[in-house]
Amino acid sequence: MHLRWGSVALAISSLWAHFAGAEGRIEAIQVRAGEVELSVSTTEGMVYEVQCTTNLASGNWTTAFEDFTAETPQTNIVLSSALESCLFRVVEKEPPLDPDGEPPPPPPPPPVPGE
């Protein structure tokens with residue numbers, strides 16, 4: 001049953017990311033003793049939050065993992081196994097402001113092969 005929920009959560013999370021235009025997309029879910037691990041496609045420098053619900057019809061989502069800034073194109077998030085029956089989504093958030101009240105500069109573009 002754990003993997004079934006994970007499969008449902010993965011499918012719904014992927015659909016949500018597609019329709020919402022979110023950059024963070026759940027690529028894989030692994031349920032192990034004591035934890036749930038999400039592999040999320042991310043954009044370096046962007047800020048995300050993992051949310052969960054047990055009832056899509058309610059429209060109520062709660063924070064499962066506080067804001068994190070992606071440092072690589074794929075981020076692994078480890079959650080408590082108490083959340084194994086949740087459906088997950090990853091929401092892109094506004095980046096934090098620097099001490100002067102300005103948003104951080106965007107990440108540099110990836111290098112061009114051959115240059």
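Residues numbered from 1 in each chain as written. Predicted model: local features only at pLDDT ≥ 70, side-chain atom pairs only at ≥ 80, totals over all residues. Heavy atoms only, no water.

A few words on the sheet that holds strand 4 (residues 62–69). Within a sheet, adjacent strands bond to each other through the backbone by hydrogen bonds, running parallel or antiparallel. Ordered by their spatial adjacency, three strands build an open sheet running 4-3-6, and the pairing between neighbours is antiparallel. Single-partner strands in this sheet number two, and they are strand 4 and strand 6 (87–93). Averaged over all pairs of adjacent strands, the angle between their axes in this sheet comes to 20 degrees, without regard to strand direction. The sheet contact formed by strand 3 (residues 47–53) and strand 6 spans seven bridges and is antiparallel. From the neighbouring strand, threonine 53 faces strand 6, where its bridge partner is leucine 87. (Pairing = 2+ DSSP bridges. Helix = DSSP H or I, 4+ residues; strand = E, 2+ residues; numbered from the N terminus. Axes fitted to C-alpha atoms, helices over the stretch in contact; angles between N-to-C directions.)

Quick look at the side chain of threonine 53 now. Among the secondary structure elements, threonine 53 is positioned in strand 3. The buried category is assigned to threonine 53, whose relative accessible area is 5%. A polar side-chain atom of threonine 53 sits 2.8 Å from the main-chain carbonyl oxygen of asparagine 60. For threonine 53, the contacting residues outside a window of four places in its chain are Ser58, Asn60, Trp61, Cys86 and Leu87. (Buried < 20%, exposed > 50% of the residue type's maximum accessible area, 1.4 Å probe, protein only. Polar contact = N/O pair within 3.5 Å; in protein donor to acceptor, adjacent residues only side chain to side chain. Contact = heavy atoms within 4.5 Å.)

Just distances and angles here, no functional claims.
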